[in-house]
Amino acid sequence: MSKSSTPAEDLGPDEGLDRYHIAILGELQREARLSNAELAARIGLSAAPTWRRVRWLEEQGYITGYRAEIDRRKVGLGVLAFVRVDAERSAGSATRALEEAIRQLPEVIACHYISGAGTFELQVMSTDLDAFSRFSIDTLLNLPNVKDIHTSFSLGEVKAGAALPLGHLQPAVR
């Protein structure tokens, strides 16, 4: 095998992604349940090197998991709330305690440390407004170091669960 066609498992993490790696990432974002043979056909490689490249992408942390997208309304989660949490910023340990407490809450589907007003921005799922109100009062306001919370509710989804944009990636020259 020539140096220009180095297999994926021989690449170091700083050698970059080639066009096949980028194609694999794009295809798996669109349809993660593709068989290896279908994926290979779509990206223009045979099955064995495709499988090796997928494994390399997983091992290097480019692919962090596979999951089904579930319609939240079909499973009874009618409320999506965006909650800004204002926290006491007295010490780094206080912020870490709050972060850990938030990680333990299954109702919180995403959490971001934010700039500007507030400390964290949470996305919270709930069955209805009454359930959200109970969760807010009984749980969120009782988390360690929480000073206040501010909530906005989703009135409709325009776009959700989108694939990451990959157009900025330039294939590594081999």
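Quick caveat, the model's predicted, so the values are computed rather than measured.

Parameters at a glance
- Residues numbered from 1 in each chain as written.
- Predicted model: local features only at pLDDT ≥ 70, side-chain atom pairs only at ≥ 80, totals over all residues.
- Heavy atoms only, no water.
- Helix = DSSP H or I, 4+ residues; strand = E, 2+ residues; numbered from the N terminus.
- Buried < 20%, exposed > 50% of the residue type's maximum accessible area, 1.4 Å probe, protein only.
- Contact = heavy atoms within 4.5 Å.
- Areas by Shrake-Rupley, 256 points an atom, 1.4 Å probe, with all protein chains shown as cover.
- Core = buried A, V, L, I, M, F, W, Y, C linked by side-chain atoms within 4.5 Å.
- Pairing = 2+ DSSP bridges.

Asks: It is not clear to me how the overall build of the protein should be interpreted in this structure. Could you clarify?
Replies: When its secondary structure is counted, the protein shows five helices and four strands. Across the protein, helices and strands are ordered from the amino to the carboxyl terminus as α-α-α-β-α-β-β-α-β. When each of the 174 residues of the protein is scored for burial, the buried share is 33%. Here the contacts in the protein between residues at least 6 apart in sequence split such that 68% fall between residues at least 24 apart. Of the roughly 11,100 Å² that the protein leaves accessible, carbon and sulfur atoms contribute 52%.

Asks: Would you mind going over the nonpolar core with me for this structure?
Replies: Within soluble globular proteins, side chains that are nonpolar generally end up buried alongside one another. Core analysis: the biggest nonpolar cluster contains 19 residues, and Val83, Val85, Leu98, Leu122, Val124, Leu140 and Leu143 have the highest contact counts within it. Only strand S1 (79-87), helix H4 (92-103), strand S3 (120-126), helix H5 (129-138) and strand S4 (146-153) provide two or more residues apiece to this core. Sort the elements by how many residues they give to this core and S1 lands first, with five residues. Once residues lying within four places of it in the same chain are set aside, the contact partners of Leu143 are Leu98, Ala101, Ile102 and Leu105. Membership of the second largest hydrophobic core comes to 13 residues, among which are Leu25, Leu28, Val54 and Leu57.

Asks: Hey, could you run me through the pairing of strand S2 (residues 108-113) in this one?
Replies: Both faces of the sheet carry side chains from a regular strand, because those side chains alternate between them. Where S2 meets S3, five bridges bridge the pair, whose relative direction is antiparallel. If you follow Tyr113 over to S3, its bridge partner there is Phe120. Hairpin geometry of S2 and S3 is characterised by an intervening segment of six residues between the two adjacent antiparallel strands and by a positive phi of about 75° at Gly116.

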